[in-house]
Amino acid sequence: MSPSPPMVLTFAASDPTGGAGVQADILTLASMGCHPLSVVTAITIQDTAGVDGISAVDADWVADQARMLLEDMPVEVFKLGLLGSVENVTVIAEILSDYPDIPVVLDPVLASGRGDDLSGEDILAAMRDMLIPQTTLITPNSIEARRLALNEGEEDHLPLAECASRFIQMGCEAVLITGTHENTPRVYNVLYGADGVIQTDAWDRLPGSYHGSGCTLASAIAASLAFGNELPRAVKDGQDFTYETLKAAFRPGMGQYLPDRFFWAQEAPTQGSA
């Protein structure tokens, strides 16, 4: 029998477009050579333009899905996306505490690309208290970083380095803040650790708006970690993979573009073709 590929367990909501959520995680992990295991945390009603509804899965079902998998198969990395409810955050935090040696990549999904709110203040508070202290790497964009790091009554223009410092103080080992939403000529993604900046990666801005880029990035980093790479290398691998998926993105509907996680499987154009 062939040896098993490394297994990554993702906790995420179902996205019927296949662009984001658990479907994006599965596509990314499989494309990078991992075997994806998945726990569905919520069901959504959405298209490529935005989210019209979300219903959290019962927390006991979330816990039971994960426990059965973990008792049957070895998991190399946990990847967390949209969790749906405070109760789900609570049971997932309990599961993580039982497996402290497994790295955790947290993608704090707070809103859709259109701006639909997907995580209320109660969920944010639960994440700060129960998940971030157990997280190896959190991967917010700049908007998510400021919202998650802000204290009550503070203005929302908190410097990103201060956001990262606050996440580290909460107990997170490392923070990758992506700069897609910042007003800069290029996109700058900065990886922070306990001693400050670990590395900064710059990327050319691509045209268009993308659905599921954050899910892709976090899952790709998780996949690289599952193969035993150190965090800085995994972060670089994840960015490289995500950038290629966005360069090959397609627009199947009337909303955002979807990353092509199997860009490498496209046929190369023959010589002399248009």
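Keep in mind it's a predicted model, so treat the numbers as computed, not measured.

Student: In this structure, what is going on with the overall build of the protein? I would like to understand it.
Tutor: Helices and strands together make up the secondary structure of the protein, namely 8 helices and 9 strands. For the protein, the C-alpha radius of gyration of 18 Å lies close to 19 Å, the compact-globule estimate for 274 residues. Taken over the C-alpha atoms alone, the protein extends approximately 60 × 50 × 40 Å along its principal axes. Taking all 274 residues of the protein together, the buried fraction comes to 53%.

Student: In this structure, what is going on with helix 7 (residues 213-226)? I would like to understand it.
Tutor: Residues separated by three or four positions in an α-helix point in the same direction, a consequence of the helix having 3.6 residues per turn. Helix length check: helix 7, at 14 residues, gives a terminal C-alpha distance of 20 Å against a target of 20 Å (1.5 Å per residue), a fit within 8%. Counting buried positions over the 14 residues of helix 7 gives 12, a clear majority of the element. Every buried residue belonging to helix 7 is among Cys-215, Thr-216, Leu-217, Ala-218, Ser-219, Ala-220, Ile-221, Ala-222, Ala-223, Ser-224, Leu-225 and Ala-226, and all of these are buried. Remark: Gly-228 follows helix 7 within two positions and exhibits a positive phi of approximately 95°.

Student: Before we go on, may I ask you to explain the packing of aromatic side chains in this structure?
Tutor: For any pair of aromatic rings, the description rests on two quantities: the centre-to-centre distance and the angle between the ring planes. This structure, assessed with the given rule, holds 6 aromatic pairs. With a centroid separation of 6.3 Å and an interplanar angle of 75°, the aromatic rings of Phe-78 and Tyr-99 are classed as edge-to-face. Taken together, the residues span a long stretch of sequence, with Phe-78 in strand 4 (residues 77-80) and Tyr-99 in the loop between helix 3 (86-98) and strand 5 (104-106) at a distance of 21 residues. You can call Tyr-99 partly exposed: its relative accessible area is 25%.

Student: Would you mind showing me how to read the sheet that holds strand 3 (residues 51-56) here?
Tutor: The strands making up a sheet are joined through hydrogen bonds of the backbone, oriented either antiparallel or parallel. With mixed pairing, the 9 strands of this open sheet are ordered in space as 3-2-1-4-5-6-7-8-9. Looking along the sheet, the strands with just one partner apiece sit at the ends: strand 3 and strand 9 (196-204). Here strand 1 (residues 7-14) runs beside strand 2 (residues 35-46); their pairing, made up of 7 bridges, is parallel. Paired with Ser-14 across the two strands is Ile-43, which belongs to strand 2. Contacting strand 1, strand 2 and strand 4, helix 2 (residues 59-72) runs over the sheet at an angle of about 165° to strand 2.

Student: Explanation requested: the state of the cysteines in the structure shown.
Tutor: By definition, a disulfide links the sulfur atoms of two cysteines through a covalent bond. In this structure the tally under the stated criterion is 0 disulfides. Unpaired in this structure, Cys-34 has its nearest cysteine sulfur neighbour in Cys-215, at a distance of 16 Å. With a relative accessible area of 6%, Cys-34 lands in the buried category. Exposure remark for Cys-215: the relative accessible area of 10% places this residue in the buried category.

Student: Teacher, can you tell me more about the packing of helix 1 (residues 21-31) against helix 7 here?
Tutor: Each pair of packed helices can be summarised by the angle the axes make with each other and by the distance between the axes. At a closest axis distance of 9 Å, the pairing of helix 1 and helix 7 adopts a crossing angle of 40°. With respect to helix 7, the element helix 1 is oriented oblique. Where helix 1 crosses over helix 7, the two elements pack in a sense that is right-handed. Mapping the contact onto sequence places Gly-21, Ala-24, Asp-25, Thr-28 and Leu-29 in helix 1 and Cys-215, Thr-216, Ser-219, Ala-220 and Ala-223 in helix 7. Taken together, the residues that form the contact of helix 1 with helix 7 break down as 5 nonpolar, 4 polar and 1 charged.

Student: What is the right way to look at the pattern of salt bridges in this model?
Tutor: A side chain with one charge may pair with a side chain of the opposite charge, provided their charged atoms come close. All chains considered together, the criterion is met by 9 salt bridges. Salt-bridge contacts for Asp-98 lead to Arg-67; the nearest nitrogen and oxygen are separated by 2.9 Å. Here Asp-98 is found in helix 3, whereas its partner Arg-67 is found in helix 2, with 31 residues between them in sequence. A salt bridge links Glu-244 to Lys-247; the nearest nitrogen and oxygen atoms lie 3.6 Å apart. One end of the pair is Glu-244 and the other is Lys-247, both in helix 8 (residues 231-247) and 3 residues apart, which spans about a single turn. Glu-244 gets classed as partly exposed once you look at its relative accessible area, which sits at 31%.

Student: Would you take a moment to explain helix 1 for this structure?
Tutor: Taken as a whole, helix 1 has its buried residues at Gly-21, Val-22, Ala-24, Asp-25, Thr-28, Leu-29 and Ser-31. On its buried side, helix 1 packs onto strand 1, strand 2, strand 4, helix 7 and helix 8. Gly-33 sits one or two positions beyond helix 1 and adopts a positive phi of about 95°.

Student: Whenever I open this one, the layout of surface pockets confuses me. Can you help?
Tutor: Over the atoms a probe the size of a water molecule is rolled, and this reveals where empty space is left. Of the voids in this model, the second largest pocket is the one considered here, and its volume is about 160 Å³. Lining the second largest pocket are Leu-96, Tyr-99, Pro-100, Asp-101, Ile-102, Pro-103, Val-104, Gln-134, Thr-135, Thr-136, Glu-173 and Leu-225. Its residues assigned to classes, the lining of the second largest pocket shows 7 nonpolar, 3 polar and 2 charged.

Reading the values: rules and limits
Residues numbered from 1 in each chain as written. Predicted model: local features only at pLDDT ≥ 70, side-chain atom pairs only at ≥ 80, totals over all residues. Heavy atoms only, no water. Helix = DSSP H or I, 4+ residues; strand = E, 2+ residues; numbered from the N terminus. Rg over C-alpha atoms; globule rule 2.2 N^0.38 Å. Buried < 20%, exposed > 50% of the residue type's maximum accessible area, 1.4 Å probe, protein only. Expected span 1.5 Å × (residues − 1). Phe/Tyr/Trp six-rings, centres within 6.5 Å; stacked < 30°, edge-to-face > 60°. Pairing = 2+ DSSP bridges. Contact = heavy atoms within 4.5 Å. Axes fitted to C-alpha atoms, helices over the stretch in contact; angles between N-to-C directions. Disulfide = S-S within 2.5 Å. Parallel < 35°, antiparallel > 145°, perpendicular 65-115°, else oblique. Left-handed = near helix turned anticlockwise from the far one by under 90°. Nonpolar A, V, L, I, M, F, W, Y, C, P; charged D, E, K, R; others polar. Salt bridge = Lys/Arg side-chain N within 4 Å of Asp/Glu carboxyl O. 1 Å grid on protein atoms, 1.4 Å probe; cavity = no way out; pocket = protein on both sides within 12 Å on 5 of 7 lines; lining within 4 Å. Points joined across faces, edges and corners; volume = space filled by probe spheres on them.

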